[in-house]
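# Structure at a glance
Spelled out, the chains give:
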Amino acid sequence: MSEHVEWSEPDGPAPAAGAAVTPADAADAARLVSFGLQPKLQPARDQEYADLLRRYREDPPFARLADAVATGLGLIVLEVSPRAGMAVTAAEDSVFAVRMGDYARRTSADGGDRFLHGLAHLAVAAMAFPRPEDLADDGYIGRVSVNGVDAFVRQACRRLEERADELGENTDPATDAPGLEAAWRIWVRRSATGATKDARRLAGSTTGIVAKAVAFLTDSGFLQRTGDDHGGTYRTTARYQLQVRDMAGSAAMAELLELGVVPVTDGTPTLLPAEESDDLELVADAGLPFHSA
């Protein structure tokens, strides 16, 4: 005898009497979640995806079933809408979680680089959405460039060093210190571009690290490449805005924004004028989706 499942929806119409979840319903709910795990798939270009999204919005029991499937897979549903599709992020214990340690090892075996890669992702998010209202506005589109993010971090490092000097704190910690300030200081000592015989950007340079970050975000459906200027230019997607909203409460991101390096006038992130110094000349044409290991 099958078990009768009672659904309740305080703010919506009650389901028909005797309605029960069928295997076909479960299959459709799982199908919707599978679409959500394909970040580059756009509902406007897939009729089945669009139909399931419509069913999610119009059928509360089906929506709860899809949410339950996502929860069982260790996924957190951020939003379900025509603009973002079924936007999900992985919980820390999910098989779909991406670990910063694994990500960094794809590029370098140097343990210190792990912090630099994390900082690159943090800086991209901060430059893309520098104000709370940018995150709240569904129509806002952030724009970043590889060289701009590198220059942003270098200026943030300068601000931190100045603040540490004012407070009389040690400004030269061990390079293997596992702190965010140490990562900033390691960053400013690293070459911005490096050099190869054919003038290619070194992967271990700071712009190489930023390029790796934005390439990953593009592959994940969070950014879209818009041009080759300034080391590569990118615009944000609705999914990335939702991801950054999810991480916006982090202390590291808040501290980075509080440095005031990214003033905003017309809604486009810009950099403060660079101070005269040799290290900033390395930056030519300056214009979280992770879990801890």
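Provided above is the structure to which this section pertains.
Residues numbered from 1 in each chain as written. Predicted model: local features only at pLDDT ≥ 70, side-chain atom pairs only at ≥ 80, totals over all residues. Heavy atoms only, no water.

## Focus on the packing of helix α2 (residues 47-58) against helix α3 (residues 60-72)
Between α2 and α3, the least distance of the axes is 5 Å, while the angle of their chain directions is 110 degrees. By the angle between their axes, α2 is roughly perpendicular relative to α3. In this structure, α2 contributes Leu52, Arg55, Tyr56 and Glu58 to the contact, and α3 contributes Pro60, Phe62, Ala63, Ala66 and Asp67. For the contact of α2 with α3, the per-class residue count stands at 6 nonpolar, no polar and 3 charged. (Axes fitted to C-alpha atoms, helices over the stretch in contact; angles between N-to-C directions. Helix = DSSP H or I, 4+ residues; strand = E, 2+ residues; numbered from the N terminus. Parallel < 35°, antiparallel > 145°, perpendicular 65-115°, else oblique. Contact = heavy atoms within 4.5 Å. Nonpolar A, V, L, I, M, F, W, Y, C, P; charged D, E, K, R; others polar.)

## Observations concerning the pattern of salt bridges
For the coordinates displayed, the defined rule picks out 13 salt bridges. Here Arg55 makes a salt bridge to Asp59, at a shortest N to O gap of 3.6 Å. Taking the relative accessible area as the measure of exposure, Asp59 reaches 24% and is therefore partly exposed. A salt bridge links Glu79 to Arg83; its shortest N-O distance comes to 3.1 Å. With relative accessibility at 32%, the residue Arg83 sits in the partly exposed group. (Salt bridge = Lys/Arg side-chain N within 4 Å of Asp/Glu carboxyl O. Buried < 20%, exposed > 50% of the residue type's maximum accessible area, 1.4 Å probe, protein only.)

## Here we look at the nonpolar core
If you look at the biggest cluster of nonpolar residues, it comprises 33 residues, and the most contacted ones within it are Val124, Trp187 and Tyr240. At the level of elements, α5 (113-128), α7 (146-167), α8 (180-189), α9 (206-219) and α10 (238-247) are the ones that each hand at least two residues to this core. When residues of this core are assigned to their parent elements, the largest contribution, 10 residues, is made by α5. Apart from the residues lying within four places of it in its own chain, the contact partners of Tyr240 are His121, Val124, Ala125, Ala128, Phe129, Leu217, Phe222 and Leu223. Within the second largest apolar cluster, 19 residues are counted, among which are Leu52, Val80, Met86 and Ala90. (Core = buried A, V, L, I, M, F, W, Y, C linked by side-chain atoms within 4.5 Å.)

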